[in-house]
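# Descriptive analysis of the structure
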Amino acid sequence: MTYAINWDLESIFPGGSSSPQLQARLDKLNTQITSFTELVETWDIHQDAPTFNELTNVIATIDEISKGFSQTGSFINAIQSADVHDKKAGTLFGSLQQLSATFQNAYNTFMEKVSNLTDDEWTTLEASPLANQQGLLFNLAEVREKGKKLLSKPEEKIINQLSIDGFNAWSSHYDTIVVSIIIDYKGEKLSAGQAFNRMMGDNDASVRAELFELWEKTWAEKAPLFADTLNHLQGFRLANYELHNTTDFLETPLKYNRMQKETLDMMWQVITENKQLFIDFLTRKAQLFGKEKMEWQDQDAPIVLGDLEETRYTFDDAAEFIIENFAKFSPKMADFAQMAFEKSWIEAEDRPGKRPGGYCTGLAESQESRIFMTYGGSINEVATLAHELGHAYHSHVMWDLPGMSQDYAMNVAETASTFAELIVADATLKQAQSDLEKINLLDVKMQNAIAMFMNIHARFIFENNFHEARQSHVLSDEEITQLMLDAQKESYQDSLASYHPHFWASKLHFYIDDVPFYNFPYTFGYLFSLGIYAYAQQSEGNFEEDYIALLRDTASMTTEELAQKHLNVDLTEPDFWQNGINILKADIEEFMSLTEKYI
């Protein structure tokens, strides 16, 4: 093999969870937070206003501490992901949460003082050298707005302290339960991640059906535990909203994503108006499996027609394919991907004991990333690998910006990743040697669209309805299961033969504490990337530099401003969203035409 299938963590902190260097960095972080607390407590922002020299110092200190959290937090999470049985990592994560709560108390003081700037002082800040740093004025304006919603210092301190064993603890508790999920399939003990990959991707429909039945049964058995976890996690979040006079539970996720509600509503409206396209696709795929309607577990299953076998890619093959096709759009992006492979930034081995799923995490101090996934050789996994490399590239082009101006939200975080995935999807289609191969590749490409427009829409509907109900009472696991089933039927317009009622228990995204509504940003990012991809194909100028400029702005303006500046589109109007779907419409029409003779 040319490239390693295990990531290099030793160069970050040697020794894993027992690393002395890791402990030393945590100790240093503790000292930095203590110093920052003293600094911000004694800081008189009104006295500082003529020059803002002290504000510059405060921001620099915040950057250093944030980098420390990024470096240690990403490392500890990586250790936990690679070995779910590493108990020491769980203990370290608890210590990090304690440090985070202490830092948040001091950061609240910072936000409060910035919010106390008079309008005249703010005008002075706008004209200061500090404001010339890319995005910083926009980020400070956000800080000023958030500071105005803070409660008293003692009240905020109590909330932060209680979050450790409340809000954060319930999120961590989910991981603890998931470790105990073992699927016994004909004597073979499968972890949740292994069972899911096989259930959704096995060539044999009977294997998929048997595993799905076991999968539903296994999560149902622990449903009361997951219901407790979800109720208390979101209950804490809603109580916190109420304390801060936030009555609309969508206000915080929209502000976090720097998005207007009009944009979100328009996106879902246009998607809903086009749902029949995707229902027709799913129904046709079901017919190719010899069924009238699509079964839940068959949505991502490979289509096997004639004697064509699914193309498999070794890890080295995948790496070379990704590098080669990234280069057609951006040589810098290709060079970056090659560096990530060469430096062993990717944990790809298929083995027991790993957490399910995949992600990319940044290490701000070393200005590196690490990618976690379980690679099995399918084109889907090649796409996932490209997706996560897109995330890493996004961070890579922003490392030189002020820390606050690197803090892009989740919706635009999916921009570079989905763009990278689209490059791979189209590249494989162009290389197809036959109609049968093209059918398979169109299916793989459309799986992403189905996930974004149907599955994630169901998650959004479910979470919206769950929050609404949770405002009045604690829900039983039966009630939650019914909400999930109703949401899936609404999103898929009752077009499936079977559904996944306990999806709410199996999906980590519902239990994440730091980002609320971990769903609609994916769909936004997907459609936004389609727009960028179309722009790239039509661009006659220097697309690479235009693309980097867009990525560098992702934490420095609202989503609507970003789209207007770099793509010249209005996200509150239907045209942009419809144009993205029209690209997919052409793919579906080709798929329908090619498969007509097989039903």
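Please refer to the structure higher up on the page.
Below is a short write-up of the structure. The residue numbering used here restarts from 1 in each chain and proceeds along that chain's sequence as written. Per-residue local features are limited, in this predicted model, to residues with pLDDT of at least 70; the limit for side-chain atom pairs, both in listing and counting, is 80 or more; totals at the level of whole chains, interfaces and linings are taken over all residues. Heavy atoms from the whole structure form the basis of all side-chain values; hydrogens and water molecules are not counted.

In this section: the environment of E38. Strands are runs of DSSP state E lasting at least two residues, helices are runs of H or I lasting at least four, and both sets are numbered from the N terminus onward. Along the chain, the position of E38 falls in helix α1 (residues 20–42). Of the residues examined, E38 reaches a relative accessible area of 52% and is grouped as exposed. Residues E38 and N57, 19 residues apart in the sequence, show an inter-C-alpha distance of 13 Å. Burial classification: accessible surface area is computed with a 1.4 Å probe over protein chains only, and a residue below 20% of its type maximum counts as buried, one above 50% as exposed, and the rest as partly exposed.

Overall, mixed pairing links the three strands, which are arranged β3-β5-β4 in an open sheet. At either end of the open sheet lies a strand with only one pairing partner, and these are β3 (346–347) and β4 (359–363). Note on pairing: DSSP must find at least two bridges between two strands before they are called paired. In terms of strand pairing, β3 meets strand β5 (residues 368–372) through two bridges, oriented parallel. Note that in β5 the partner of E347 across the bridge is F372. Should any heavy atoms of two residues lie within 4.5 Å, those residues are considered in contact. Comment: axis = line fitted to C-alpha atoms, over the contacting stretch for helices; angle = value between 0 and 180 degrees taken between N-to-C directions. Where helix α3 (residues 53–82) meets the sheet, its contacts fall on β4 and β5, and the angle it forms with β4 comes to roughly 145 degrees.

Glancing now at helix α9 (residues 192–201). The set of residues buried in α9 consists of A192, G193, A195, M199 and M200. Viewed end-on, α9 has its buried residues packed into an arc of 165 degrees, placing them on one side of the element. Looking at the buried residues of α9, the elements they touch are β1 (182–185), β2 (188–191) and α10 (205–221). The reported arc concerns the directions from the helix axis to the C-beta atoms and nothing else.

Only Phe, Tyr and Trp rings are paired, with Trp represented by its six-membered ring, and only when their centres lie within 6.5 Å; those with planes under 30 degrees apart are stacked, over 60 edge-to-face, the remainder tilted. In total, this model carries 45 aromatic pairs according to the counting rule given. A ring pair is formed by F278 and F453, whose centres lie 5.0 Å apart and whose planes are at 65 degrees; its orientation type is edge-to-face. Within this pair, whereas F278 is found in helix α14 (residues 275–288), its partner F453 is found in helix α19 (residues 435–470), the two being separated by 175 residues in sequence. Of the two residues, F278 and F453, both sit in the buried class. Judged by centre distance (5.8 Å) and plane angle (65 degrees), the ring pair of Y518 and Y522 falls under edge-to-face. Joined through ring pairs, the aromatic side chains of F36, W43, F69, F103, Y107 and F110 make up one cluster. Whether a charge sits over a ring depends on NZ of Lys or CZ of Arg being within 6 Å of the ring centre and within 35 degrees of the ring normal. In this structure, R208 packs its charged tip against the face of F289, placed 5.2 Å from the ring centre. Across the ring face of F372, the terminal group of K354 is positioned such that the distance to the ring centre comes to 4.9 Å.

All right, on to the side chain of R552 then. Within the fold, R552 resides in helix α23 (residues 543–552). A relative accessible area of 19% means that R552 is categorised as buried. A polar side-chain atom of R552 sits 2.8 Å from the main-chain carbonyl oxygen of V397. Polar contact is defined as a pair of N or O atoms within 3.5 Å, subject to the rule that within protein one atom must be able to donate a hydrogen and the other to accept it, and that residues adjacent in sequence are counted only when both atoms are side-chain atoms.

Moving on, we get to the pattern of salt bridges. Any carboxyl oxygen of Asp or Glu within 4 Å of a side-chain nitrogen of Lys or Arg constitutes a salt bridge here. Counting across every chain of the model gives 26 salt bridges. Linking K189 and D184 is a salt bridge whose minimum nitrogen-to-oxygen distance equals 2.9 Å. A salt bridge links E545 to K332; the shortest N-O distance between them is 2.7 Å. Of this pair, E545 sits in helix α23 while K332 sits in helix α16 (residues 331–342); the two residues are 213 residues apart in sequence, bridging distant segments of the chain. Of the residues examined, E545 reaches a relative accessible area of 33% and is grouped as partly exposed. Through salt bridges with shared partners, one network takes in E145, K149, E251 and K255.

Burial along β4 is one-sided: Y359, T361 and L363 are buried, while C360 and G362, pointing the other way, are not. Connecting the antiparallel pair β4 and β5 is a turn made up of four residues, with Q367 showing a positive phi of about 50 degrees.

Glancing now at the packing of α1 against helix α4 (residues 87–115). Angle between the axes and distance between the axes are the two parameters that describe a pair of packed helices. As a packed pair, α1 and α4 sit with axes 10 Å apart at the nearest point and diverge in direction by 20 degrees. In terms of orientation, α1 and α4 fall into the roughly parallel class. Classified by chirality, the crossing of α4 by α1 is left-handed. Facing α1, whose interface residues are L22, Q23, L26, L29, N30, I33, F36, T37, V40, E41 and T42, α4 presents L92, L96, L99, T102, F103, A106, Y107, T109, F110 and K113. Working rule for angles: under 35 degrees goes down as roughly parallel, over 145 as roughly antiparallel, 65 to 115 as roughly perpendicular, anything else as oblique. What makes a crossing left-handed is the near helix being turned counterclockwise from the far one by less than a right angle; a clockwise turn instead makes it right-handed.

This part takes up the packing of α9 against α10. Running from N to C, α9 and α10 point in directions that differ by 140 degrees, and their axes come no closer than 8 Å. Accordingly, the angle class assigned to the pair α9 and α10 is oblique. Viewed along their axes, α9 and α10 form a crossing whose handedness is left-handed. Every residue of α10 that contacts α9 at A192, A195, F196, R198, M199 and M200 is listed here: V207, R208, L211, F212, W215 and W219.

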